[in-house]
Amino acid sequence: MTTKFTLRKDVPVAGSYDVVVCGGGPAGFIAAIAAARSGARTALVEQYGFLGGMATAGIVAPLSVFTYNGQKVIGGIPWEFCERLQAMGGGLIEKPLGNVAFEPELYKLCCQRMVLEAGVGLYMHSYFCGCQCEDGHIDAVFIDNKNGTEALQAKVFIDCTGDADLAAASGVPMQPDEGKPLQPLSTYFVLSGVDTSTPRMQKAMHHNRQGVNCHCEEIRSELLEHREEWGIPEFGGPWFCTTLQPGVVTVNMTRTAADATSNRDFTRAECELREQVFKMAAVLREHFDEFKDSYVSAVAVHAGIRETRRIVGAHTISAQEYVSAFRYPDSISRGAHPIDIHVANGPAQNITFLKTPAYVPYRALYSPGHDNLLAAGRCLSADKTAFASLRVQASCMGTGQAAGAAAALASAAGCGVGRIDVSLLQERLRSLGAILEEEE
């Protein structure tokens, strides 16, 4: 029996740009706006019919962390987005941490507006399926959609797929697993009909305490005590977050170990997690007063992914550098979320709070020998410990902003991404409102 087929086809070029961004999540849509506002003709590719990635497809809430020790850590376009979302009635900026609770549908609308206002060419319902690459230089990416397979050409490409799909396809080396399993997946869900007025729920669904794990400890203790009796599967947290709608909360408590870069493993995990959603919803409804009238009103269309592939960059951010807040000469963003490592099997979570916000070097966004590719968000170059903080959405937005500005500079200068003038990049980022150093 034939085990392989050979497929040959002509692929039309749908567009030619200065910058093409693959992935419209928190890193990607911010990167596209930053590139376009910096003068680059920019396109953004997104597999769904909406933007926001893990925030909207995954309902991963809140966005964290934007401020720390009383000072803003992530500024510029990401913070502009948060303020615009709040002004629309779709976001709540919680002080003092600047964690942002949000309503997912208004989140979709807000980032769509900002992307289109910036003049970005938008290719939604388009799945990245490969690239034309020779000697580390990418000439085009291929996307599949209702038009068939199409090509997008660009001078510079940015991988914001979360799973480093473009980087992997172009031959960029990936970080080793360090002998540790991947962090588990979680499928978020939304419960309506919840009594959100109780002190317990008010405390749990507002994430505004620095140095505190905001899971609901009272409910967690009961779940652990009765786990066998109630037939509870693997779980984490639980974490609840307001959606700004009365009686409605997002829930983060399902989990399973899987490799989301494997289609078969990811499919199995999605099915397992969907079963867990309704089991957990029933447990909450049957055993906790606040949830006695609750029901599942939405399930994330995409499981929340904590960890997959990360590039080997010109520099790999180490745990020691990260926790000591080492300031690199090419710092282009910062991070303040705790180092948050969920164990692959079991309810445990290892969490370390930072004393001082950390720094991210530009060299963590590109790999030597790949002259026109940048990686931002979960794709960046960091060891597993540093990555366990940098993987969150505010940090992803910060690195996306830096990648977009850098791509525009490289495109305009006609040079490789590793050869741009970093001082000019930092100057451009400050002009956008990015925060690259401690306030005096």
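Here the structure is shown first, and the text comes after it.
Read on for an overview of the structure. (Residues numbered from 1 in each chain as written. Predicted model: local features only at pLDDT ≥ 70, side-chain atom pairs only at ≥ 80, totals over all residues. Heavy atoms only, no water.)

A short note on unusual backbone geometry
A cis amide bond, omega 0°, links A61 with the succeeding residue P62. The omega torsion across S64 and V65 is -5°, close enough to zero to call that bond cis. By the secondary structure assignment, V65 is in the loop between β2 (42-45) and β3 (67-68). The backbone of H125 sits at a positive phi, close to 50°, despite the residue not being glycine. (Helix = DSSP H or I, 4+ residues; strand = E, 2+ residues; numbered from the N terminus.)

Quick look at the packing of aromatic side chains
Two numbers describe a pair of aromatic rings. These are the distance of the centres and the angle of the planes. Using the criterion set out here, one finds 11 aromatic pairs in the structure. Each ring, one from F29 and one from F81, has its centre 5.2 Å from the other, and the planes form 65°; the classification is edge-to-face. Taken as a pair, F29 in helix α1 (residues 26-37) and F81 in helix α2 (residues 77-87) lie far apart in primary sequence, 52 residues in all. The burial state of F29 is the same as that of F81; both residues are buried. Centroid distance F240 to F291: 5.3 Å. Interplanar angle 35°. Geometry classified as tilted. On the criterion of sequence distance, the pair formed by F240 in strand β12 (residues 235-242) and F291 in the loop between α8 (263-287) and β14 (295-299) is long-range, its members being 51 residues apart. (Phe/Tyr/Trp six-rings, centres within 6.5 Å; stacked < 30°, edge-to-face > 60°. Buried < 20%, exposed > 50% of the residue type's maximum accessible area, 1.4 Å probe, protein only.)

Overview of the pattern of salt bridges
Oppositely charged side chains are able to pair whenever their charged atoms sit close together. Per the stated rule, a full pass over the model turns up 18 salt bridges. The shortest N-O distance in the salt bridge between E307 and R310 comes to 3.5 Å. Accessibility classification places E307 together with R310 in one group, the buried group. Residue D330 pairs with R363 through a salt bridge whose shortest N-O separation is 2.7 Å. Here D330, found in the loop between α9 (319-323) and β15 (331-335), pairs with R363, found in the loop between β18 (358-361) and β19 (373-375); they are 33 residues apart in sequence, far enough to count as distant. The class of D330 is buried, set by a relative accessible area of 7%. Salt bridges sharing common partners tie together R37, E80, R84 and E117. (Salt bridge = Lys/Arg side-chain N within 4 Å of Asp/Glu carboxyl O.)

Some details on the environment of P233
In this structure, P233 sits in the loop between α7 (227-230) and β12. For the pair formed by P233 and R255, sequence separation is 22 residues and the distance between their alpha carbons is 8.6 Å. Those residues in contact with P233, other than ones at most four positions away along the chain, are R227, Q276, K279 and M280. (Contact = heavy atoms within 4.5 Å.)

Points about α8
Between the first and last C-alpha of α8 there are 36 Å, a value that for 25 residues agrees with the 36 Å anticipated at 1.5 Å per step. Within the sequence span of α8, burial applies to F266, A269, E270, L273, Q276, V277, M280, A281, A282, V283 and L284. The secondary structure elements touched by the buried residues of α8 are β11 (189-192), α6 (217-225), α7, β12, β13 (249-254) and β14. (Expected span 1.5 Å × (residues − 1).)

Some remarks on the environment of P181
With respect to the helices and strands, P181 occurs in the loop between α4 (165-169) and β11. Overall, the relative accessible area of 59% leaves P181 in the exposed class. The contacts of P181, once residues within four sequence positions are left out, are E307, A344 and K384.

Digging into the sheet that holds β11
Taken in spatial order, the 4 strands line up as β12-β13-β11-β14 in an open sheet, and their pairing is antiparallel. Taken across any chain shown, the strands that pair with only one partner, and hence form the sheet edges, are β12 and β14. Strand-to-strand, the axes of this sheet are offset by a mean angle of 30°, without reference to chain direction. Packed on one face of the sheet, α6 meets β12 and β13 and runs near 150° to β12. (Pairing = 2+ DSSP bridges. Axes fitted to C-alpha atoms, helices over the stretch in contact; angles between N-to-C directions.)

Describing the nonpolar core
Generally speaking, a soluble globular protein has its nonpolar side chains buried in company with each other. Among the nonpolar cores identified, the biggest contains 82 residues, and F29, L63, F81, Y107, I317, Y362 and L374 are the most heavily contacted of them. The dominant element in this core, judged by the number of residues it contributes, is helix α11 (residues 393-413), at 10 residues. Discounting residues that sit within four places of it in the chain, L374 has contacts with V156, F157, I158, D159, Y362, L365, Y366, A403, A406, A407 and V417. By size, the runner-up hydrophobic cluster in this structure holds 23 residues, among which are M201, M205, F235 and V249. (Core = buried A, V, L, I, M, F, W, Y, C linked by side-chain atoms within 4.5 Å.)

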